[in-house]
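Geometric and topological summary
The lines below spell out each chain.
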Amino acid sequence: MDDKHFMEIALTLAKKGEGYTSPNPMVGAVVVKSQTVVGKGFHKAAGKDHAEVMAINDAGFSANGATLYVTLEPCNHTGRTSPCTEKVLEAGISRMVVAMKDPNPDIVGGGITYLKKKGISVLSGVCENEAARLNEAFIKYVNTKRPFVTIKCASTLDGRIATRTGDARWVSGNASRKFVHGLRHQVDGIMVGVETIKRDNPHLTTRLDGTKGLDSTRIILDTHLSIPENANVLSPGSASDTLVVTGKTDSDPTTVGKKAQIEKRGFRVIESPVKGGWIDLDRLMDRLGAMGLTSLLVEGGSRVIGSALSSGIGDKILFFFAPKILGGDDGFPICKGTGPATMSGCIPVKNISVSRFENDVMIEGYIGAE
């Protein structure tokens, strides 16, 4: 068994923290002695022990002289918890294998350098790509202070997300919808347009089989503050917050009153710059990042998806295609808005992968990625 084998175990452990660790990264760690795993741990939530501490505590006295595998460089600073590097030294770890350095530009390399100076052998870069993929939202956020944006849609084979009447129940199958609820659990925020609220009146909550998922902040783009007062996202019953993003409201007594009513019910309304008659999504990403949202799932509808793509805020796409053909040109398309005049102006999607969910096909890729 080699270093890659044990790092893969650490990566599997790290994934257990999915949806719970934000704004911290997902991290897993294993302590190995004489080719045997003697300690395991993963970061469970912000403010709780880091993976290295969990694994070393699990190993106990066996950590002395052992190798520690960790998916992210150990911290060498005091935050909510004490430095993990000190725990490594106290435990008597003799060798460390790290998947990737800390992507935070203010921290990168600090923990590794410190441990090397203290005489510990450190190898980095084992399963680095896998570790980076696991924490792609964290990596973007610590470097840009903006959320990592995934654009998701469910479409017929001829590119329609709803019929001409707005009926979208259900474009995709049960397996695809179950996967999307898992995505909702993983992200900090879900964004839709107010027309989706008016048409479908969704709850935008997380429903997982056999476990309690977390509800993300629900972000409703509503330029003119026209959201119905009986909308499910403005009803109690979820631990999730609802954030209604609108344009200027101070010039209209009606919208001023409606804003006050929404806020009185415990939900938030924020004013955001408008561009071309719609919420300026590029400016909004800075605002959401400043609020601590590290990841965002754009769920539609057509106008929002089109705006997300044209504004350049997207990082990743998840397009589900169901084996159905609407057979007309009057349904709702995946995107609304003006597209490029020539095919050379299309938005490139790279690093493509394809998955099956029963009869549905999901195309996953990164926007502009190499």
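In this report, the structure presented in the accompanying data block is examined. Model, not experiment: these values are computed from the prediction.

In this section: the sheet that holds strand β5 (residues 121–124). With mixed pairing, five strands are arranged side by side in an open sheet as β2-β1-β3-β4-β5. At either margin of the open sheet sits one strand with a lone partner, and together these are β2 (36–42) and β5. In this sheet, neighbouring strand axes are inclined to one another by 15° on average, regardless of whether the strands run parallel or antiparallel. In this structure, strand β3 (residues 67–72) lies alongside strand β4 (residues 95–100), joined through five bridges in parallel fashion. Bridge pairing in β4 places Val-70 opposite Val-98. Each of β4 and β5 touches helix α4 (residues 110–117); the most contacted strand, β5, lies at about 150° to it.

In the segment running from Arg-169 into Trp-170, the intervening peptide bond is cis, with an omega of -10°. With respect to the secondary-structure elements, Trp-170 resides in the loop between β7 (160–162) and α7 (174–186). Positive phi is not limited to glycine here, since Asn-351 has a value of about 55°. As for its placement among the helices and strands, Asn-351 is situated in strand β17 (residues 349–357). Of the residues examined, Asn-351 reaches a relative accessible area of 45% and is grouped as partly exposed. We note that Glu-358 has phi near 55°; this positive angle belongs to a residue other than glycine. Tracing the sequence through the fold places Glu-358 in the loop between β17 and β18 (360–367).

Moving on to the packing of aromatic side chains. Taken as a whole and judged by the stated rule, the model has five aromatic pairs. Each ring, one from Phe-179 and one from Phe-357, has its centre 4.7 Å from the other, and the planes form 45°; the classification is tilted. Of this pair, Phe-179 sits in helix α7 while Phe-357 is found in strand β17, placing the two residues 178 residues apart along the sequence. The class of Phe-179 is partly exposed, set by a relative accessible area of 29%. Put simply, the rings of Phe-179, Phe-320 and Phe-357 touch in pairs and so form one group of aromatic residues.

Once that is clear, we can look at the pattern of salt bridges. Under the definition given, this model contains 17 salt bridges. Linked through salt bridges whose partners overlap, the residues forming this network are Arg-133, Glu-136, Lys-316 and Glu-364.

Next up on the list: the layout of surface pockets. Space left empty within the atom packing is revealed by a probe, the size of a water molecule, rolled over the atoms. Reported here for the largest pocket is a volume of approximately 810 Å³. Lining the largest pocket we find 31 residues, and of these Lys-152, Trp-170, Arg-177, Arg-184 and Glu-299 sit closest to its centre. Those elements giving two or more residues to the lining of the largest pocket turn out to be β6 (148–155), α7, α8 (194–200) and β14 (295–300). With seven residues, the top contributor of residues to the lining of the largest pocket is α7. Partitioned by chemical class, the residues of the lining of the largest pocket number 13 nonpolar, eight polar and 10 charged.

The subject of this paragraph is the side chain of Thr-217. Assignment of secondary structure puts Thr-217 in strand β9 (residues 217–221). Among the residues examined, Thr-217 registers a relative accessible area of 16% and is labelled buried. Setting aside its immediate chain neighbours within four residues, Thr-217 contacts Asp-188, Gly-189, Ile-190, Ser-240, Asp-241, Leu-243 and Arg-268.

Glancing now at the packing of helix α2 (residues 51–59) against helix α3 (residues 84–91). Their axes nearest at 9 Å, the elements α2 and α3 cross at an angle of 20°. On the basis of their axis angle, the class for α2 and α3 is roughly parallel. The element α2 and its partner α3 pack so that their crossing is left-handed. Counted together, Glu-52, Val-53, Ile-56 and Asn-57 of α2 and Cys-84, Lys-87, Val-88 and Ala-91 of α3 form the full contact between these two elements. When its residues are assigned to classes, the contact of α2 with α3 shows five nonpolar, one polar and two charged.

Parameters and conventions
- Residues numbered from 1 in each chain as written.
- Predicted model: local features only at pLDDT ≥ 70, side-chain atom pairs only at ≥ 80, totals over all residues.
- Heavy atoms only, no water.
- Pairing = 2+ DSSP bridges.
- Helix = DSSP H or I, 4+ residues; strand = E, 2+ residues; numbered from the N terminus.
- Axes fitted to C-alpha atoms, helices over the stretch in contact; angles between N-to-C directions.
- Contact = heavy atoms within 4.5 Å.
- Buried < 20%, exposed > 50% of the residue type's maximum accessible area, 1.4 Å probe, protein only.
- Phe/Tyr/Trp six-rings, centres within 6.5 Å; stacked < 30°, edge-to-face > 60°.
- Salt bridge = Lys/Arg side-chain N within 4 Å of Asp/Glu carboxyl O.
- 1 Å grid on protein atoms, 1.4 Å probe; cavity = no way out; pocket = protein on both sides within 12 Å on 5 of 7 lines; lining within 4 Å.
- Points joined across faces, edges and corners; volume = space filled by probe spheres on them.
- Nonpolar A, V, L, I, M, F, W, Y, C, P; charged D, E, K, R; others polar.
- Parallel < 35°, antiparallel > 145°, perpendicular 65-115°, else oblique.
- Left-handed = near helix turned anticlockwise from the far one by under 90°.

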